[in-house]
Amino acid sequence: MSPPPFELFYEEHREEIYGFLVRRLGSQRAEDAFQETFLKALRAYPKLRHGEHLRAWAYTIASRVAIDEHRRPRADAELPELESLDGRPAFAQLEHLADALPPTERAAVVLRYGYDLDYTDIGAALGSNATAARQAASSGIRRLRKKESS
Amino acid sequence: MNPVSPELDRRFRDAAASENLLDVAYDFVDTPVGSLLVATSERGLCRISYDAEPERELERLARTFGVRVLRSPKPVDEARRELDEYFEGNRRRFDLRLDLALLADFNRRVLDELARVPYGEVVTYGELAARSERPRAARAVGTVMNRNPLPIVLPCHRVIGANGKLVGYGGGLERKEQLLRLEGAIL
């Protein structure tokens, strides 16, 4: 099934994505990040091959935008350093590694270890709950370890 | 919970249109014949719909023009203004760009002829068929009228039966009568 008309996708996810960005960035910076998130989604939307996992997809874009927003130098705030030790952002490596996982585990692993979301947010992104998100992330990690060692 | 403010929502919808990211922008336009869903592609006006069930109409637009369908008022403003003027009796023809690129040749030819039927005049299905160089295709012309993607702007309300009866209208006969009365074609 192809993705729904963008309007329906936007109506369904705008409130929770905005809430998520407010929690990550505070309400002032969340407004710009909100617009950026959905403009990015709009640019990528025609390339989607199906309409599944759109919520997790939206959260992934929002997480990436939130990280970029964090990196932007601002005079009025000291922000935590989010890059990994070798200078590459953690999520860039993880997204590639996690490509082979089933979609739910992949989203859980990337959002947890790449973007540092807590399990409540990941549960929301997956349309389930914190417990299910924790399970998906840990079984994803187990699967990655197995792949690594084989 | 912080709801998305109307200003923020509007800002996104405006930005999506001004950055040319939409396959179709649409909005609702209030008129004396009801609320119309009016949609425009980058090529021009592409749909006017009576009594739209939004979800179904959006699916249809997405299938025809592409999935980036978003409610965004600005791109529809020109059509809104011309429709307002028409219903106020201050406009007799529309100057909007129309997107008929995806229609079959016959449909487009018939609609081109239809666009030439002047304000306040009527024509029969058979006559319109003849003008479209298919004199025996009155019934097919009826089907094209029924599927007219741009009612009002492409005036299928001006097409009537050979016996002078109004026959049919995609938006319902009551509206056909209302439009013809507005134009002074019937009393």
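Residues numbered from 1 in each chain as written. Chains lettered and ligands numbered in written order. Predicted model: local features only at pLDDT ≥ 70, side-chain atom pairs only at ≥ 80, totals over all residues.

Trainee: Hey, could you run me through the nonpolar core in this one?
Mentor: Where a protein is soluble and globular, its nonpolar side chains tend to be buried together. Grouped together as the largest cluster of nonpolar side chains are 86 residues, with contacts concentrated most on Leu-21, Ala-108 and Leu-111 of chain A together with Val-24, Val-38 and Val-69 of chain B. Here this core gets 8 residues from one element, more than from any other, and that element is helix H1 (residues 6–25) of chain A. Leave out the neighbours within four places in its chain, and Leu-111 of chain A touches Tyr-59, Thr-60, Ser-63, Leu-117, Ile-122 and Ala-125 of chain A. (Core = buried A, V, L, I, M, F, W, Y, C linked by C-beta atoms within 7 Å. Buried ≥ 20, exposed ≤ 12 C-beta atoms within 10 Å, placed from the backbone. Helix = DSSP H or I, 4+ residues; strand = E, 2+ residues; numbered from the N terminus. Contact = placed C-beta atoms within 7 Å.)

Trainee: Any chance you could explain the environment of Asn-146 of chain B here in plain terms?
Mentor: Residue and element names in this part refer to chain B. When you line up the elements, Asn-146 lands in helix H6 (residues 138–146). Under the C-beta neighbour-count criterion, Asn-146 is labelled exposed, with 11 such atoms within 10 Å. Along the chain, Asn-146 and Leu-128 lie 18 residues apart, while their C-alpha atoms are 14 Å from each other.

Trainee: Which parts of the structure should I look at to understand the domain arrangement of chain A?
Mentor: Much of the literature gives interface size as the accessible area that the parts lose upon coming together. Residues and elements named next belong to chain A. We note that the domain assignment places domain 1 (1–82) and domain 2 (84–150) within chain A. If you look at the interface, domain 1 gives 10 residues, while domain 2 gives 12 residues. Contributions of two or more residues to the side of domain 1 that touches domain 2 are made by H1 and helix H3 (54–71). (Domains from an automatic or database assignment.)

Trainee: Looking at this structure, I do not really get the packing of helix H5 (residues 103–114) of chain A against helix H7 (residues 130–149) of chain A. What am I missing?
Mentor: When two helices pack together, their arrangement is captured by the angle between the axes and the distance separating the axes. Residue and element names in this part refer to chain A. Between H5 and H7, whose axes approach to 8 Å, the crossing angle comes to 95°. As judged from the angle between their axes, H5 and H7 are roughly perpendicular. For the pair formed by H5 and H7, the contact residues are Thr-104, Glu-105, Arg-106, Ala-108, Val-109 and Arg-112 on the first element and Ala-133, Ala-136, Ala-137, Ser-139, Gly-140, Ile-141 and Arg-143 on the second. When its residues are assigned to classes, the contact of H5 with H7 shows 6 nonpolar, 3 polar and 4 charged. (Axes fitted to C-alpha atoms, helices over the stretch in contact; angles between N-to-C directions. Parallel < 35°, antiparallel > 145°, perpendicular 65-115°, else oblique. Nonpolar A, V, L, I, M, F, W, Y, C, P; charged D, E, K, R; others polar.)

Trainee: Help me out: how do you make sense of the sheet that holds strand S3 (residues 44–50) of chain B in this one?
Mentor: Residue and element names in this part refer to chain B. The strand order across the open sheet formed by 4 strands is S3-S2-S1-S4, and the pairing between neighbours is mixed. A strand with exactly one partner marks an edge of an open sheet, and here the two such strands are S3 and strand S4 (69–71). Strand-to-strand twist of the sheet, defined as the mean angle between neighbouring strand axes without regard to direction, takes the value 30°. Pairing between strand S2 (residues 34–41) and S3: 6 bridges, direction antiparallel. Bridge pairing links Ser-41 to Gly-44 in S3. Strands strand S1 (24–31), S2 and S3 of the sheet are contacted by helix H3 (residues 77–87), whose axis makes an angle of about 20° with S1. (Pairing = 2+ DSSP bridges.)

Trainee: Would you mind showing me how to read helix H2 (residues 27–44) of chain A here?
Mentor: Since the α-helix packs 3.6 residues into each turn, any two residues three or four apart lie on the same face. In this model, H2 of chain A (18 residues) spans 26 Å end to end at C-alpha, consistent with the 26 Å of a helix rising 1.5 Å per residue. Among the residues making up H2 of chain A, those that are buried are Ala-30, Glu-31, Ala-33, Phe-34, Glu-36, Thr-37, Phe-38, Ala-41 and Leu-42 of chain A. Looking at the buried positions of H2 of chain A, the neighbouring elements they touch are H1 and H3 of chain A together with helix H1 (6–18) of chain B. (Expected span 1.5 Å × (residues − 1).)

Trainee: Is there a simple way to explain the domain arrangement of chain B in this structure?
Mentor: Residue and element names in this part refer to chain B. Each assigned domain of chain B is listed here: domain 1 (6–87) and domain 2 (105–182). On a C-alpha basis, the centroid separation for the pair domain 1 and domain 2 is 24 Å. Listed per partner, the contact involves 7 residues of domain 1 and 10 residues of domain 2. Ranked by the residues each element gives to the side of domain 1 that touches domain 2, the list is headed by S3, at 5 residues. Taken together, the residues of the side of domain 1 that touches domain 2 break down into 6 nonpolar, no polar and 1 charged.

Trainee: What is the right way to look at the interface of chain B and chain A in this model?
Mentor: Each side of the interface is counted separately: chain B has 22 residues, and chain A has 22 residues. Elements supplying a minimum of two residues to the side of chain B that touches chain A: H1, helix H2 (54–65) and S4 of chain B.

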